[in-house]
Amino acid sequence: MDLFNRLGELALGSRLRRLSDQIMQQGSLIYQDRRIDFDPKWFPVFFLLSEEGGLGVTEIAQRLGVSHPGIIKTARELEQKGYLNSLQDREDRRRRVLSLSEHGKALLPALRETWEDIAQCFSQILGAQDHHLLASITEMEHAFAEQTMATRVREWRNQRLLDRIQIVDYRPEWGSYFKAFNYAWIQRYFSVEPIDIEVLEQHEEKIIGEGGAILFARMEEEIVGTCALKWTEPGLYELTKMAVSESVRGQQVGKKLGLAILARAREMGAERVFLESNRKLLPAIRLYHRLGFVEASSGSRAGSEYQRSDIRMEIKLTAAD
């Protein structure tokens, strides 16, 4: 108990599982004491069928909020005990209807009496608590129905990673990072083109000098990514040369750079921002979609300076974005 108390919320699943195991074990002893051949894990299915009659496996799984295979396993065990009938639906031969057998119905009076005693026991325990466990479990179930635990943890992690990343403006001494990250990324997937060399080797003149911007991502004082905003014409900028260090891939650096470069574009008066990419770069395309970019209707290669480009995406900026 000391370890679980120290772990707090982190041990919630383990503590609930242990408590559930204890309840199931004690429930088995209660049924044994009363000479009732019944497994506590059968209770939800058995009770539902006793209240509502014949139901299909899918209906039961949906009503109880459990897996389809789990219901099939329980139904098979109940059928082997002789407590359950499984018959083919007359209207839909693919569907089987489950219902209590005569043997199962005969067991109901003893079971209902036992369930009432168990309910009274739990009522006594819960009534003596400062915080009602059932109410708390219900609230947690509702919370997980709105958003799963896995999704919540994923979002928390992503936000934590985003908070670690600092976006900083261009410094001449960081120009080597801008070139190194981008050359490495291009060479990994494609071939370096003349336009790449021109922009990377003359980035101060071609990007900053012509009204654009270069941003860097920094984590714990280490430069880990970069992205550029290139002026094209009044109100129109290009998001280009986004590259992230291999050591921090999957840690939200690209997302933070993308959000920052769009914010900078708004500050600079951009009405639209476009980018060129390649459809095989699925993680990058997904990122651009999450940032709000959509595929441009003007065509995939129209006016592109890059041979590797086969998709053009754009985003319209407003003050409310």
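To be clear, the structure that these remarks concern was listed above.
Residues numbered from 1 in each chain as written. Predicted model: local features only at pLDDT ≥ 70, side-chain atom pairs only at ≥ 80, totals over all residues. Heavy atoms only, no water.

Draft legend 1. Spatial organisation of the layout of surface pockets. In this structure, the largest pocket spans a volume of roughly 1,800 Å³. Residue lining of the largest pocket: 44 residues in total, with Ser20, Ile23, Met24, Phe43 and Phe122 positioned closest to the centre. Breaking the lining of the largest pocket down by element, the ones donating at least two residues are helix 2 (12-33), helix 3 (43-52), helix 5 (68-81), helix 6 (102-127) and helix 7 (133-146). The greatest single-element share of the lining of the largest pocket, amounting to eleven residues, is contributed by helix 2. In terms of residue class, the lining of the largest pocket is made up of 26 nonpolar, twelve polar and six charged. Its boundaries defined by the atoms lining it, the second largest pocket holds a volume of some 900 Å³. Every residue lining the second largest pocket is counted, 34 residues in all, and those nearest its centre are Met242, Pro283, Ala284, Leu287 and Tyr288. Among the elements of the structure, helix 9 (175-189), strand 7 (236-244), helix 12 (253-267), strand 8 (272-277) and helix 13 (282-291) are those that each provide at least two residues to the lining of the second largest pocket. Of all the elements, strand 7 adds the most residues to the lining of the second largest pocket, at seven residues. (1 Å grid on protein atoms, 1.4 Å probe; cavity = no way out; pocket = protein on both sides within 12 Å on 5 of 7 lines; lining within 4 Å. Points joined across faces, edges and corners; volume = space filled by probe spheres on them. Helix = DSSP H or I, 4+ residues; strand = E, 2+ residues; numbered from the N terminus. Nonpolar A, V, L, I, M, F, W, Y, C, P; charged D, E, K, R; others polar.)

Draft legend 2. Spatial organisation of the sheet that holds strand 3 (residues 96-100). Taken in spatial order, the three strands make up an open sheet running 1-3-2, and their pairing is antiparallel. Edge positions in the sheet fall to strand 1 (55-56) and strand 2 (84-88), since each has one partner strand and no second. Direction of pairing for strand 1 relative to strand 3: antiparallel, over a ladder of two bridges. Directly across from leucine 55, in strand 3, lies its bridge partner leucine 98. Lying over the sheet, helix 3 contacts strand 1, strand 2 and strand 3, oriented at roughly 90 degrees with respect to strand 3. (Pairing = 2+ DSSP bridges. Contact = heavy atoms within 4.5 Å. Axes fitted to C-alpha atoms, helices over the stretch in contact; angles between N-to-C directions.)

Draft legend 3. Broad picture of the side chain of threonine 240. Along the chain, threonine 240 falls in strand 7. Residue classification places threonine 240 among the buried positions, given a relative accessible area of 6%. For threonine 240, the contacting residues outside a window of four places in its chain are Cys227, Ala228, Lys230 and Tyr306. (Buried < 20%, exposed > 50% of the residue type's maximum accessible area, 1.4 Å probe, protein only.)

Draft legend 4. Representation of the nonpolar core in the model. Leu239, Val253, Leu262, Val273 and Phe293 are the most contacted members of the largest nonpolar core, which has 30 residues in total. Among the elements of the structure, strand 5 (213-219), strand 6 (222-233), strand 7, helix 12, strand 8, helix 13 and strand 10 (311-316) are those that each provide at least two residues to this core. With sequence-adjacent residues up to four places away left out, leucine 262 is seen in contact with Val273, Leu291, Phe293, Ile315 and Leu317. The next biggest cluster of nonpolar side chains, apart from the first, holds 24 residues, and it includes Leu55, Leu78, Tyr83 and Trp115. (Core = buried A, V, L, I, M, F, W, Y, C linked by side-chain atoms within 4.5 Å.)

Functional significance is not addressed by these values, which are geometric in nature.
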